[in-house]
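Architecture at a glance
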Amino acid sequence: MQQGIKAIIETVNKKVIEDIEAGNTNWIKAWTSGNHQSVEGYEYTGFNQLWLHCLNFKKPIYGTYIQWNKKGCKIKKGSKAIKLLRAQEGVKKTEKDGVEETSYFKFFRSFPVFNIDQVEGNTEQFENLNENKVIDKNKIENFVKNTNAIIRHGYSGAFYKPSEDFIGMPDKASFIDTDIKNATEHYYSVLLHELTHWTGAKNRLNRIKGSLFGSPAYAFEELIAELGSAYACNYLKLNSTPRSDHAHYLKNWMQAIKDNPNALIKASGYASKALKYLVELQSNQPGIKQAA
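These numbers were taken from a predicted model, which means no experiment stands behind them.

With respect to the overall build of the protein chain
- A tally of regular secondary structure across the protein chain gives 9 helices and 9 strands.
- Per-residue burial for the protein chain yields a buried fraction of 45% across its 292 residues.
- In the protein chain, the share of contacts with a sequence separation of at least 24, taken over all contacts with a separation of at least 6, comes to 69%.
- Carbon and sulfur atoms provide 49% of the accessible area of the protein chain, an area that totals close to 15800 Å².

Laid out in structure tokens, this is it:
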């Protein structure tokens, strides 16, 4: 792994561990809201979203040298580029007993961007680029409907049951407005968490392996679903807030990151794949346009 990429992963891991050790059970919301965007209008996703939240820029708008030039802006002299990550797939061919075998592996490359604070020129044209938009309930409802997931209401809690392949949810009326989000946002952020679990079924992304409740593997899947919900909420312009009933997984997540430095970027990758899968199920909506 390139040294620069390793340093980025270590920085993000360190910040997450610090937040969890400080008792911040709201860390995922803090790291996945804000929608860091390219100057071209699309949003950075996955681990790049987490990484950019480690930085202290006032406006979450970025672009490559060429992108800024196309917009009539110039990079300020002495500005240091921010390295973002792009996942790529490599191919390896081997020969065994005269038979050629092909295997695929994933690796990361970095690419440089600059924040809007690092450029000069007509930057006023981008002031409204990252404005929050009004919640489109019809779009969200259609997004869920187009997955064809079986969703049953009337339960006391939310869950995904792999053996019967359905999602159980409390009634919508059970969700109420709070100081940090309204009932609609509360309901859908929980449902999107369960939909992320749903994508992991054997006949979909084949991610869920039947881990025992409370095991490290179970907690890791919960981390994927928590990130998946946050990424999906960003995509649908919803306010995402981590579920309080998953606060007890924080220590497990922290230990997993300490034990394996690649755990968080791996979970983020699975969460991004889950969102991509859900978006690809949309027959009447555009696919997810992402920078990285």
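Considering the sheet that holds strand β4 (residues 82-96)
- Across the sheet, 4 strands lie side by side as β1-β2-β5-β4; this open sheet has mixed pairing. Sheet topology places β1 (37-38) and β4 at the edges, where each strand pairs with a single neighbour.
- Here 2 bridges tie strand β2 (residues 61-63) to strand β5 (residues 99-115), and the two strands are oriented antiparallel to one another. Following the sheet pairing, Tyr62 is matched in β5 by Asn115.

Here we look at the pattern of salt bridges
- Under the definition given, this model contains 10 salt bridges.
- A salt bridge links Asp19 to Lys15; the shortest N-O distance between them is 3.0 Å. Note that Asp19 and Lys15 are positioned in helix α1 (residues 3-21) at a spacing of 4 residues, about one turn of the helix.

Observations regarding the pairing of β5
- In this structure, β4 lies alongside β5, joined through 15 bridges in antiparallel fashion. The partner of Val91 across the bridge, within β5, is Tyr104.
- Linking β4 back to β5 in an antiparallel pair, the connection comprises 2 residues, with Asp97 at a positive phi of about 55°.

Considerations on the nonpolar core
- By size, the foremost hydrophobic cluster in this structure holds 58 residues, and its most contacted members are Phe47, Leu195 and Leu264.
- The residues touching Leu195, leaving out its near neighbours within four places in the chain, are Val144, Thr147, Ala149, Ile167 and Leu278.
- Core analysis: the next-biggest nonpolar cluster, separate from the first, contains 9 residues, Val39, Trp68, Cys73 and Val119 among them.

Topic: helix α7 (residues 216-235)
- Here α7 is 20 residues long and its end C-alpha atoms lie 29 Å apart, about the 28 Å a rise of 1.5 Å per residue gives.
- Judged by how many residues are buried, α7 sits mostly within the fold: 16 of 20 residues are covered.
- With its phi angle positive at about 65°, Lys237 sits one or two positions after the end of α7.

So, how was this worked out
Residues numbered from 1 in each chain as written. Predicted model: local features only at pLDDT ≥ 70, side-chain atom pairs only at ≥ 80, totals over all residues. Heavy atoms only, no water. Helix = DSSP H or I, 4+ residues; strand = E, 2+ residues; numbered from the N terminus. Buried < 20%, exposed > 50% of the residue type's maximum accessible area, 1.4 Å probe, protein only. Contact = heavy atoms within 4.5 Å. Areas by Shrake-Rupley, 256 points an atom, 1.4 Å probe, with all protein chains shown as cover. Pairing = 2+ DSSP bridges. Salt bridge = Lys/Arg side-chain N within 4 Å of Asp/Glu carboxyl O. Core = buried A, V, L, I, M, F, W, Y, C linked by side-chain atoms within 4.5 Å. Expected span 1.5 Å × (residues − 1).

None of this, on its own, says anything about what the molecule does.
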